[in-house]
Each structure stands twice: as C-alpha cells, then as structure tokens.
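Topology and contacts: notes
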Amino acid sequence: MVDKAEIMMDTVAQTSIQELRSNIARRHLIQKLAFGTLWAAALAAVGMLLAITFYVIFNGFQVINWEFLTTPPAGGLGGEGGISTTIVATIYLVGITTTIATPLGIGAAIYLAEYASEIRGARGVMKTVVNVVRFGVETLNGVPSIVFGLFGFALFVTTLQFGFSLLSAGLAGACLVLPVIIRASEEALYAVPRGLREGSLALGATKWQTTWKVVLPAAAPGIITGVILSVGRIISETAVFYVTLGGSLRMPTGLMSGGRSMALHVFYLATETRAFDKSMGTGAILIITIVLINLTINILSRRLSARLSGG
Amino acid sequence: MTSTRTKLEVNDYFLYYGDFKALDSISVEMPERAITAIIGPSGCGKSTFLRSFNRMNELILGVRTEGAVKMESQDIFSIDVVELRRRVGMVFQKPNPFPKSIYDNVAYGPRAHGIRDRAQLDEIVEKSLRRAALWNEVKDDLHKSGLALSGGQQQRLCIARALAVEPEIILMDEPASALDPIATLKIEELMQELKEDYTIVIVTHNMQQAARASDYTAFFMMHDDRSGYLNEFGPTKKIFTAPENKETEDYITGRFG
C-alpha cells in the first residue's frame, strides 16, 4: 500500500505542476458552469414551489372572508356556502388520529430503540420479530395512502360496521401516521447521548426509570416534532378519508358521524361543482395551516439543540 | 492510608467480548478508604476492568465473565444490580449531567430510590454539593440547567450526583481528561477529601496524576493477543520509584504508551 502510494505521488509530482498552470482557466470555467447549473436548478425548484403557493393563496384569498370560514357548505353543483363543517371535521379527525396514534407510536418506538436493541444480538424468534417490525415500519411509510384507505374501508367501515364515520377515518388515519410517529420518535431516542443513559443507570436507576425520567424528556422535542408532522399529514390527506369518512356536509356530532375534511372538500369542489374558486380558497387555508405547522417544528427543533447544549 | 482493610477483591477474573478475551486472569485486592489508580497503555482494558465493579459491562451485548469480584467478601454478582450501583457510584470520562436543573441532577438518584420528601431532598442536595466542593459556586442557581456550568463544574456536579445516593465506592473513568489543568487540580483535591469516607478507584492516562493523587497503583498491560492483564500492583510510591517489572518501569518513565 505504502509503496504504491509513493510511486503514484512521484509520477504526479513529475508531470503536474506545468499542467496545473495551463489548466487553471479551464478549471475556473468548469467551476462556474457547475455552480451556475446548480444555482439554476435550485432557482427553478424554489420558483416552482413559490409559484404554486402564491397562485393558490392569491386566488384563494378572493373568496376567503369571515363568512366563508363560518358558514356550512350548502352543496349542490354551485358549491354554495362556506367551509365551517369541514374545518370542524378536520379538527376532530386530527384529534382522533393523534389520540390513537401517539401513544401507540411512541410506545413502539421506545420498545424498538430502548428494549429491542438489547436483544438485537440475540438469536431466535425475538430477533426475527423485531426485524420484521422494523422492516414493516419502513415499508408502511412508503405505501400509497389509498392502500391505507382501502384497508380502513375493508376493516373499519365494512367488517366492523363503523360505516363512513370519524371513527373509521380516525382509525385508518392513525394507521397512516403510525410509521411517521414511530420513525421520528425512534430517531429522537437514538439521538439521546449514551452517556445520559449510563449516568442514570450508574446511579442505580432501573432501565424504566432511566427511559422515563431521562431519555424521554431529552427526546421529547424530536418526538413532538414527529407528532406535529403527523398532524400535517392528516390535514393534507385525501385518499384515506375519501373511502372512510364519506363526504357528508353536515356538522359532525360524534364519533359515528360521517363528514368531510378540508382536503377532501377541495377534491369534491374541484371535481363535482363549478366552485373552483372556493376549492382554491380552501386550498389556500390548507397551505397556510401547513406553513404554520412547519414553523412550529422549526422552533421546536431549535429549542432541542438549545436544550441539549445548556441554553 | 488510614486503613488497610480490603474493600474490593478480584480473583482470577476474565472478561470476554464475544470470542475476544479482553481481561486475562486479574487478581487484585483494593484497600478501603484509599485511592487506587489504574494505569496502562490504551486498549489494555482499564475502563473495562473499572466497569466490572458496577457491572456496567452488562449493558454491552455478548459480554461474558469468569472468576470472582467481591465487595467486602460478598460476590457482586449475587447483589441486585440496582443496589450494587447505588453502593458503587461512577464518574465518567465526559461530564454527563442530565439536561435538568442542578438541583434535579443531584436529587435524581435519591428520587429514583424512592425519597419523595422535599425537605429531605433539599438536605441531600446541599450536603452532596458541599461534599463535591460545588455548593458555594451554585447555591444561588440551583434551578439553572446543569449543562450551563463549565466543564469542571459539570464534573463536580456529576460527583455530587453520585454522592447523593450514599455510595461506598466511587469509580472514576479518566474524570479529568476532558478538563483544563485548574479544573483537574480541583478534582484531585476533591479526591483527597473524599477518600476519608469513600474507596476510590480511578482510571487515568495521566502518569503524574496517578503519582500525585493515588495511594495504590495497578499497572495494566496487554498480551500479544491484546488481552489485558495486571502487570504490577502495589503502593503508588513503590510502583513509581522501585517497580519490580521492567515493563512497569519502561511505561512510567515514558519509554512507551
């Protein structure tokens, strides 16, 4: 190895210095070209995203006013009325899915990150189970959401006879966001320094005390980020709720009521009515909500780094 | 050296990581209320040996041990591990305060063991911080984050945290290697005070530290198969002035390592 490297250095040293000088203009040119291309690509990407956002928001704001937000949609081909019931249905849906998915997801993540790692080297059934679970989580994360919808339709709507309802939609939505919460929480747990765990165990705290009192609090901002991400996912999800929530315009009154989320309303307005402007208006509100959610995540992750460095 | 009673006794102790033999037949007796330094070249198993006393090696998969480790003649593997770690505290190489307040850092151990009474906790926190020579620096900021302290203060906070559960032994794994010389000196002074009440075992890379701060020295070396063994053990003065083995002399005079 050493000999080879030395020989190579020798040949390079004999031929390169002259060449480097004549190369220099060409290298600068290539640098400029590469930089220019990257810059153009970035500009095009950001430009497109901004164009979509501003187009929707600009057009949407033509119809957005207090009345639009507070009156129920009237239905029909004209798409009369506002979006109040869809806002309520969306909030209910977010509440139900996060209530179901958060404890399950965090629990699974704690198991995978804190407990399963202890048996990672072990042979036999447990190791297989853990690997299958991990692989399952990875796979579910990439499955198209309509597949979750079909599953929800088959299991919750039909077999369990929950019908088109917030309950069916909430359960199907929980299945959809579980992988999001599990992965975000698992990563947040892995990011907790090993020294903290050892420090706690070395004081005679049990594994569970260590997990509950030291590891979870340190991982909390990352876990909360995962939960908020899943809220965003539910707000913007359409396919799952198309086949589990129905499309009722009425104000939802309980778990068994059907309904229509905002994203679903955008779909219905655009495909079944002439009220394309109202579809845009609803879309604009969705975009603003998601922007607010992402801002919250940014603030949280900044807090995380501040907290772990002693701020 | 106020006492020569044996606190820790290791007899023909082996430790394996899977198939790799990390420690080869260690036998040593460490006296009570004294500072025993463990020195030796990198990778000879000093930290692994230290972590045997509070069974921290059990956190690593595939670790297997043979032989006996006894604390006051009691086999440590027969003691409940939670109780063992309360009795055998540990200070780590890198200060690792919890991302909690100074108060909560020190109160963590007592709380984990079931102490809830606020007044009692207050007393433990103050006593432990005083014992760790940190009280005067932090008494007005007990609710500040432990991570906001300097490195040396963080390490003394970790010592206070360990003292709060009333251990008998304190294991220190290169506790000053991440600290500046002044903070290092403070830790060494503190060790001298603590050995009045505690048995201290310290791993150090710093030969001068071992020479000036310890009462006994265990010199570790490794065989050709990289397994660590105890080359020489004795009073620090003797190890540093009249070592019996050639390797010990070569190591302490800086000829290798």
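Here the structure is a predicted model, which is why all the values come from computation and not from measurement.

1. Remarks on the domain arrangement of chain A
Size of an interface: often given as the accessible area lost when the parts come together. All names here are of chain A. For chain A, the assigned domains are domain 1 (1-60) and domain 2 (66-308). Facing six residues of domain 1, the contacting portion of domain 2 comprises six residues. If you sort the residues of domain 1 by the area they bury against domain 2, Val-56, Ile-57 and Gly-60 come out on top, with a joint share of 67%. For the interface between domain 1 and domain 2, the tally reads zero salt bridges. Between domain 1 and domain 2 we count zero residue pairs in polar contact (both at pLDDT 80 or more) in total. The residue inventory of the side of domain 1 that touches domain 2, partitioned by class, reads three nonpolar, three polar and no charged.

2. Let's talk about the pattern of salt bridges
All names here are of chain B. For the structure shown, the criterion picks out 23 salt bridges over all chains. A salt bridge links Arg-118 to Asp-122; its shortest N-O distance comes to 3.6 Å. Of this pair, Arg-118 and Asp-122 both sit in helix H4 (residues 118-131), separated by four residues, roughly a single helical turn. Looking at Arg-118, the relative accessible area reads 46%, which means it is partly exposed. What makes Asp-122 partly exposed here is its relative accessible area of 33%. It is possible to trace a salt-bridge network through shared partners that takes in Arg-5, Lys-7, Glu-32, Glu-72, Arg-87 and Glu-168.

3. Digging into a nonpolar patch on the surface
Residues and elements named next belong to chain A. The grouping of Phe-61, Ile-288, Val-291, Leu-292 and Leu-295 at the surface amounts to a nonpolar patch, some 440 Å² of accessible area in total. Mapped onto the elements of the fold, Val-291 is located in helix H11 (residues 276-308). You can call Val-291 partly exposed: its relative accessible area is 43%.

4. Notes on the side chain of B:Ser52
Residue and element names in this part refer to chain B. Structurally, the position occupied by Ser-52 is in the loop between helix H1 (46-50) and strand E4 (63-71). Looking at Ser-52, its side chain comes within polar contact range of the side chain of Tyr-13, at 2.8 Å. Filtering out sequence-adjacent residues up to four positions away, Ser-52 remains in contact with Tyr-13, Leu-15, Leu-23, Asn-57 and Ile-76.

5. Things to note about unusual backbone geometry
Residue and element names in this part refer to chain B. Within the chain, Asp-12 stands out as a residue other than glycine whose phi angle is a positive 50°. Note that Asp-12 resides in strand E1 (residues 6-17). Despite not being glycine, Ala-133 has its phi angle at roughly 55°, a positive value. Take Ala-133: it is sitting in the loop between H4 and helix H5 (135-138).

6. Some thoughts on the interface of chain A and chain B
Taken together, the contact pairs 24 residues of chain A with 28 residues of chain B. The contact between chain A and chain B buries some 1,900 Å² in all, and 63% of this surface belongs to carbon and sulfur atoms. Counting the surface chain A buries against chain B, the share from its top three residues, A:Glu198, A:Ala202 and A:Leu203, is 32%. Taken together, the links from chain A to chain B amount to one salt bridge. One salt bridge connects A:Glu198 with B:Arg51, and the closest N-O pair in it is separated by 2.6 Å. Between chain A and chain B we count six residue pairs in polar contact (both at pLDDT 80 or more) in total. Only helix H7 (194-202), helix H8 (207-236) and H11 of chain A provide two or more residues apiece to the side of chain A that touches chain B. Considering each element in turn, the side of chain A that touches chain B owes the most residues, eight residues, to H7(A).

Cut-offs used in this document
- Residues numbered from 1 in each chain as written.
- Chains lettered and ligands numbered in written order.
- Predicted model: local features only at pLDDT ≥ 70, side-chain atom pairs only at ≥ 80, totals over all residues.
- Heavy atoms only, no water.
- Domains from an automatic or database assignment.
- Contact = heavy atoms within 4.5 Å.
- Buried area = accessible area lost by both parts, 1.4 Å probe.
- Salt bridge = Lys/Arg side-chain N within 4 Å of Asp/Glu carboxyl O.
- Polar contact = N/O pair within 3.5 Å; in protein donor to acceptor, adjacent residues only side chain to side chain.
- Nonpolar A, V, L, I, M, F, W, Y, C, P; charged D, E, K, R; others polar.
- Helix = DSSP H or I, 4+ residues; strand = E, 2+ residues; numbered from the N terminus.
- Buried < 20%, exposed > 50% of the residue type's maximum accessible area, 1.4 Å probe, protein only.
- Patch = residues over 30% accessible without salt bridge, like charges linked within 9 Å, V, L, I, M, F, W, Y side chains within 5 Å.
- Areas by Shrake-Rupley, 256 points an atom, 1.4 Å probe, with all protein chains shown as cover.

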